[in-house]
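Residue-level structural notes
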Amino acid sequence: MSGPEPGLGVDASEEARAGRSEMLRNNVPYIAIVLVVLLFTIVSGDRFLSVRNWTFIAQQTPVLLLLAYAQLIVVTTGSIDISVGSSLGFSMYMAVLGMVWLGPAGIVCGILAATLIGFVNGSIFSLLKISSFVTTLAMLIIVRALLNIISDGGSIYVTEQAATGTYVDSVAAPWLLALGRFPNILIFALVVTALMWVFYEKTLFGQQLKALGGSERVLSLFGVSVTWFKIQVFVAAGFMVGLASLISLGRSGAGTPRAGEQFELDAIAAVALGGTPLTGGHGSVLRTVVGALTLTVVANGLTIAGVDPSWSRVARGVLLIIAIAISLNRRRIGVVK
Amino acid sequence: MSENGGALLQVEEVSKSFGGVQALRSGSFELSRGEIIAIVGANGAGKSTLIKIVAGVFRPDSGRMLVRGEPVAPRDHNVGHMRHLGIEVVYQDLAIVPNMNAPYNLFLGRIPKRFGIFVDEHAMRRKTRAILEDLKVTTVQSLREPISAMSGGQQQSVAIGRAIAWGREIVILDEPTAALGPTETGEVERLMHEIRDRGTAVILISHNLEQVFRLADRILVVHHGLTTPAFPRSGVTSEQLVRAITLGEQVA
Amino acid sequence: MKRAIILLGLLVMLTGVAVTAQDMVEPRMDLVIADLGQPETNPWVINRHRFERCVAESLGVTLDEFDDENSEEKHVSQAESIIARQPDGLIFNPLTSPAGIQVARLLEENAIPGVAVGRLVVSNYDTDYEGEHFIAQVTQNNDTWGQAIGQATVDAGHKKVAMIWNQKGVTSAEEIWNGVLSVLEMHEDIELIAEAWDRLNRENGILYAEQFIARFQPGEIDAIIVLGAVAGLGSQFAVEQAGRDDISIITTDIDEQVAQFISEGKLGFSIGGHWMVGGFGLIQLYDYLHGFPVENTQPLFSLIPVDASNIDTYAEGLLQGCILNDEQVKNLSRVHNPDADLPGFIDEFSKNWEEFVTADMMEEEMEEEESEGDG
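Each chain carries its own residue numbering, running from 1 in the direction its sequence is written. Chain labels run from A onward and ligand labels from 1 onward, assigned in the order the entries are written. Totals for whole chains, interfaces and linings use every residue, but because this is a predicted model, local features are given only for residues with pLDDT of at least 70 and side-chain atom pairs only at 80 or more, for both listing and counting. Based on all heavy atoms of the structure, the side-chain values leave hydrogens and waters out of the count.

**Side note on the overall build of chain C**
- Counting secondary structure elements, chain C contains 14 helices and twelve strands.
- Three labels apply to residues, based on accessible area from a 1.4 Å probe with only protein chains included: buried if under 20% of the type maximum, exposed if over 50%, partly exposed otherwise in between. Each of the 375 residues in chain C was classed as buried or not, and the buried ones make up 60%.
- Pairs at least 24 apart in sequence give 76% of the contacts found in chain C among residues at least 6 apart.
- When the accessible surface of chain C is summed, it comes to about 14900 Å², and 48% of that surface belongs to carbon and sulfur atoms. Only runs of H or I of at least four residues qualify as helices and only runs of E of at least two qualify as strands under DSSP, and these elements are numbered from the N terminus. Two residues form a contact once any of their heavy atoms are found within 4.5 Å. Each accessible area is a Shrake-Rupley result for a 1.4 Å probe, and residues are judged covered by the shown protein chains and nothing else.

**Regarding the interface of chain C and chain A**
- Each side of the interface is counted separately: chain C has 36 residues, and chain A has 38 residues.
- Buried surface at the junction of chain C and chain A, summed over both partners, amounts to about 3100 Å²; 43% is from carbon and sulfur atoms.
- For this document, the term salt bridge refers to a Lys or Arg side-chain nitrogen within 4 Å of an Asp or Glu carboxyl oxygen. Along the contact surface separating chain C from chain A lie six salt bridges.
- For the side of chain C that touches chain A, the elements supplying multiple residues, two or more each, are strand 2 (62–67), helix 3 (72–84) and helix 4 (97–110) of chain C.
- The element that contributes the greatest number of residues to the side of chain C that touches chain A is helix 3 of chain C, accounting for eleven residues.
- Residues were grouped as follows: Ala, Val, Leu, Ile, Met, Phe, Trp, Tyr, Cys and Pro as nonpolar; Asp, Glu, Lys and Arg as charged; and all remaining residues, including Gly, as polar. Looking at side-chain class alone, the side of chain C that touches chain A contains eleven nonpolar, twelve polar and 13 charged residues. Buried area counts how much accessible surface, traced with a 1.4 Å probe, disappears from two parts once they are put together, with both parts' losses summed.

**A few points about the sheet that holds strand 3 (residues 89–92) of chain C**
All names here are of chain C.
- In space, the six strands of this open sheet follow the order 2-1-3-4-5-11, with parallel pairing throughout. Each of the sheet's edge strands pairs with one partner strand only, and the pair in question is strand 2 and strand 11 (300–301).
- Inspection of the sheet shows strand 4 (residues 114–117) paired to strand 5 (residues 134–140) by four bridges, in the parallel sense. For Val-117, the partnering residue across the bridge sits in strand 5 and is Val-138.
- Fitted lines through C-alpha atoms give the axes, limited to the stretch in contact for helices. The angle between two N-to-C directions lies from 0 to 180 degrees. Contacts from helix 3 reach strand 1 (32–37), strand 2 and strand 3 within the one sheet, and its direction differs from that of strand 1 by about 170°.
- This element, helix 11 (residues 277–289), spans strand 1, strand 3, strand 4, strand 5 and strand 11 of the sheet and lies at about 160° to strand 5. Between any two strands, at least two bridges found by DSSP are needed for them to pair.

**Focus on the packing of helix 9 (residues 229–241) of chain C against helix 10 (residues 256–264) of chain C**
Residue and element names in this part refer to chain C.
- As a packed pair, helix 9 and helix 10 sit with axes 10 Å apart at the nearest point and diverge in direction by 45°. Judged by the angle between their axes, helix 9 and helix 10 are oblique. Judged by the sense of rotation from one axis to the other, the crossing of helix 9 with helix 10 is left-handed. The segment helix 9 lies against helix 10, with Ala-229, Leu-233 and Gln-236 engaging Gln-257, Val-258 and Phe-261. Here the angle decides the label: under 35 degrees means roughly parallel, over 145 means roughly antiparallel, 65 to 115 means roughly perpendicular, and every other value means oblique. The hand of a helix crossing depends on one turn: near helix anticlockwise from the far one by less than a right angle means left-handed, and clockwise means right-handed.

**Details of unusual backbone geometry**
- For the bond from A:Phe182 to A:Pro183, the omega torsion is 5°, close enough to zero to count as cis.
- Examined against the element boundaries, A:Pro183 turns out to sit in the loop between helix 7 (174–179) and helix 8 (184–202).
- With a phi close to 45°, B:His224 is a non-glycine residue in the positive phi region.
- The residue B:His224 is located in the loop between strand 11 (218–223) and strand 12 (226–227) in this model.
- Although it is not a glycine, C:Ala111 sits at a positive phi angle of roughly 50°.
- Here C:Ala111 shows up in the loop between helix 4 and strand 4.
- Classification of C:Ala111 by relative accessible area gives partly exposed; the value is 47%.

**Remarks on the side chain of C:Thr297**
All names here are of chain C.
- Looking at the secondary structure, you find Thr-297 in the loop between helix 11 and strand 11.
- The exposure class assigned to Thr-297 is buried, which follows from its relative accessible area of 13%.
- Residues contacting Thr-297, with those up to four places away along its chain left out, are Tyr-125, Asp-126, Ile-135, Ala-136 and Gln-137.

**Observations concerning the pairing of strand 2 (residues 21–31) of chain B**
Residues and elements named next belong to chain B.
- The pairing of strand 1 (residues 9–18) with strand 2 spans seven bridges and is antiparallel. If you follow Gln-10 over to strand 2, its bridge partner there is Glu-30.
- Count of turn residues in the strand 1/strand 2 antiparallel hairpin: two residues, of which Gly-19 carries a positive phi of about 55°.

**Quick notes on the nonpolar core**
- Counting residues in hydrophobic clusters, the biggest one holds 148 residues, and the most contacted among them are B:Leu9 and B:Ile203.
- In terms of residues, this core owes the most to one element, helix 11 (residues 226–252) of chain A, which gives 13 residues.
- Looking at this core, you find at least three residues from each of domain 1 (2–86 + 167–247) and domain 2 (100–166) of chain B.
- Among all residues touching B:Leu9, those that are not within four sequence positions of it are B:Phe29, B:Glu30, B:Leu31, B:Val54, B:Met65, B:Leu66, B:Val67, B:Ile170 and B:Ile203.
- C:Leu63, C:Ile247, C:Phe280 and C:Leu319 belong to the second largest nonpolar core, which has 72 residues in total. Think of a nonpolar core as a cluster: buried Ala, Val, Leu, Ile, Met, Phe, Trp, Tyr and Cys residues, connected wherever their side-chain atoms sit within 4.5 Å. Domain ranges listed in this record stem from an automatic or a database domain assignment.

**Some thoughts on helix 6 (residues 142–155) of chain C**
Residue and element names in this part refer to chain C.
- A helix is expected to span 1.5 Å multiplied by its residue count minus one. For helix 6, spanning 14 residues, the distance from its first C-alpha to its last is 20 Å, which sits close to the expected 20 Å at 1.5 Å a residue.
- Turning to helix 6, its buried residues number three or more, namely Asn-142, Trp-145, Gly-146, Ala-148, Ile-149, Gly-150, Ala-152, Thr-153 and Val-154.
- Backbone nitrogen of Asp-143 and a side-chain oxygen of the N-cap are separated by 3.1 Å at the start of helix 6; the cap is Asn-141. Any pair of N or O atoms that falls within 3.5 Å is considered a polar contact. Within protein, one atom must be able to donate a hydrogen and the other to accept it, and sequence-neighbouring residues count only if both atoms are side-chain atoms.

**Remarks on the domain arrangement of chain C**
Residues and elements named next belong to chain C.
- Taken domain by domain, chain C consists of domain 1 (2–142 + 273–353) and domain 2 (143–272).
- Put simply, the middle of domain 1 and the middle of domain 2, counted by C-alpha atoms, are 28 Å apart.
- Between domain 1 and domain 2, the residue contacts involve 28 residues of the former and 23 residues of the latter.
- Buried surface at the junction of domain 1 and domain 2, both sides included, amounts to about 1900 Å², of which 59% is carbon and sulfur.
- At the junction of domain 1 with domain 2, the criterion picks out one salt bridge.
- One salt bridge connects Glu-256 with Arg-50, and the closest N-O pair in it is separated by 3.7 Å.
- Taken together, the connections running from domain 1 to domain 2 amount to eleven residue pairs in polar contact (both at pLDDT 80 or more).

**Topic: the interface of chain B and chain A**
- Listed by partner, the interface residues are 25 residues for chain B and 22 residues for chain A.
- Carbon and sulfur atoms supply 66% of the area buried between chain B and chain A, which totals about 1800 Å² over both sides.
- Among the residues of chain B in contact with chain A, B:Asn99, B:Tyr104 and B:Val119 are the three that bury the most area, contributing 23% of the side total.
- Two residues, A:Lys202 and B:Glu121, come together in a salt bridge whose shortest N-O distance is 3.7 Å.
- The tally of links between chain B and chain A comes to seven residue pairs in polar contact (both at pLDDT 80 or more).
- Mapped by element, the contributors of at least two residues to the side of chain B that touches chain A are helix 2 (79–84), strand 6 (87–90) and strand 8 (118–119) of chain B.
- Here the side of chain B that touches chain A takes three residues from helix 2 of chain B, the largest share from any one element.

**Observations regarding the packing of aromatic side chains**
Residues and elements named next belong to chain C.
- Between the rings of Phe, Tyr and Trp (Trp by its six-membered ring), a pair exists once the centres lie within 6.5 Å; its type follows the angle of the planes, with under 30 degrees stacked, over 60 edge-to-face, and the other angles tilted. Inspection of the entire model under this criterion finds 21 aromatic pairs over all chains.
- Seen in terms of ring centroids, Phe-51 and Trp-275 are 6.0 Å apart; in terms of plane orientation they differ by 75°. Their pairing is edge-to-face. Here Trp-275 lies in the loop between strand 10 (270–272) and helix 11 and Phe-51 lies in helix 2 (residues 43–59), a separation of 224 residues in the sequence.
- Look at Phe-92 and Phe-134: their rings are 5.8 Å apart centre to centre, the planes differ by 55°, and that puts the pair in the tilted class. On the criterion of sequence distance, the pair formed by Phe-92 in strand 3 and Phe-134 in strand 5 is long-range, its members being 42 residues apart.
- Three or more aromatic residues link up through ring pairs in this structure, and these residues are Phe-51, Trp-275, Phe-280, Phe-301, Phe-345 and Phe-349.
- Its guanidinium or amino end placed over the ring of Phe-237, Arg-202 lies 5.1 Å from that ring's centre, counting from NZ or CZ. For a lysine, the NZ atom is tested; for an arginine, the CZ atom; a charge sits over a ring if that atom is within 6 Å of the ring centre and within 35 degrees of the ring normal.

What follows is the structure in structure tokens.
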């Protein structure tokens, strides 16, 4: 606030105005998605609004959404995890490899792998006190390299029926492919969303995430074991990446050395579009859903409208800045890091 | 132990250094039930380090601490254990988590749970309302809003309320009224008497010597990392106290 | 002699056998074809787009281009969004085989015909693929591509060679390298002294070349084979900066810069022309949309080796992208020419491009003279 100190009378209307802008800020993600849908409806009409297209959107959003949840867990504490893309690719490969080794139950190898990566991330970050950005940057590189080593550049396919020699490496799992399609993939995402909402809003763990993002110092002053908790945060995020790897595997039908590349950026963008400050302390599951959906719908809508791909990326970048510029609460956030 | 059988807290020659810097060379004092002791000293004299050792934030490099006559084992010397023993602190900056609501801040580190994982928000809000009413804070609009939306006085009430609610044995107040006006200061001082009257000991850190004379039963001076033996308020003049703080002179 | 006959056949085919109206299908002018590939960050993609646009214009097809930001997931998502646009057909350059398989599945589920170009979706279409809407994959011959690079290395007399290749996992890249090895291994005196498998960009081209320069003294290394001109030009830059004219760079893809360096002797060898697969795939799709069955589901384009001896011809004839005029394009389509033989042309062109280009240029000159004469 600038200018002279407002008097008492001014204060009231000032408060009211602050209340209104607060309301606008909180609702920016919802307003954004409505505007985006309206815009593309006007531009592309039937093709954009078709059942087929929304079926595609329903298939495209879940993997991004679950990765965004993983990111939300970490970002709420004021840290960041840029290894989720590599972790996703690695876990998908471990899941399908597990199925080759152990049959359908082997798919848990994917969840275990992602959770383990989360544990390593959290341990390095918390015990060695290396910033989460640097830690997960290193893991982004290492995990991708491990995937290249384990896969030796090859892919393992998930097929409808037992392979007849077409692919060297494949495993028959029609149920998994079905999980990767509409409506199953959407149902899976909705169930995870419900659980995530309860976890984030109602459990002590979820509260602690926000508190850690608010003031780590105060938590340790009051006897909360911050060191162990920070490890748990990354483990929880890793588990969420593991869930994402299952539906991603069902959707893409193969564990490949390139799966998940650059996905970390979309996950961060989805969280940011949902109005969650990367400085931590606040966040919302529902607005993250809207953020992920907006990101998907904009990419989809621009393609349907036939916008040149490079300009499409410019448009998405600009949207991100505008949305965050409006939704950022500058009164609450003293320093932008 | 026999000579100090009644002491609630005994701090014996504790020291602490940080990376070669001796923050506290030797600190010793005792505290009895229902007593208010004031710790005074210049900035950087070691007051803060001393109370953080008592609160369990720092583990002393040497010396020991006894609560109700029981020595605190070094491995138990942490905040969780001290809070378990009934020692609470109101920090100068209040130590609240600004983005969380008042109930969360009140229950920090002691959140009531249901089914082992869920936060019992209902119970927290109910108890918070009761505590704030006790403290005569009635203007709080919503207990769901982040505490940063509250006024400074209300935030202070939550911080003090937290210490009173959990501090059965000892409440440590670090400059509790430095940022307050006369009315609120009076309110805080009234609360300190109330705490003392229920048998809880109070450690008060203050630069306000008038306040120290008004409240403390005994006064402890920390100078250059050393404590002088605590003396009763009645036996000292403010000139003597100032000399003790600035020059480290013993008070006869 | 045989070459001359083939050439004659080519010329006759291209310069227009008169086609009678009753044989022809009415050409549709309302077709919208979508193209999904990678961002325009290397000469291959740029050249493929240029040639494909030319072909689209000649056939009266609307071509909409999209890219996948080099991500498997986005490749599939983009394909879905494109299908929601309801184009008449799709040309796609699969980022990887797994991504390509997903696109093929989408084509089948939504009954939209599509042709893969540049990279294989399945290794053998006729034996490995069962659907009907993913109709063909037009790619280059990776074996002969690699062999040509290997042969160029042998011919240039290099004995100690290093290489910089795409990170593992790209089938085409590994096939090409196997082609190179098949030739090098026949010559016992040629030694492969270092390998680098990584992302192919200019920075890595520079980085690994510098590492090789530091590691090997003059006489310990003769040449570096670099896949792709973007990295290749980076390596060339590093070698030139270090003043190591003992090291020759052998690369692939030809753009204006590569052509310039080859003619100046700064680059030893490159190989290209495989960007034409996009345009050829479009013609196949165009014919299919007019009811013509696919004749060859997996035509292979052999690449054109270029060194100082033929760079001028290549640069004049093929660099600008629009190497066929309207009439020549139409003559490759069965819609416009019942005798069109696209697979044959793909095959013949790569063997006879030089003669074709020279003849074509000569003919243009003749036409110009004629028109001047008329005036």
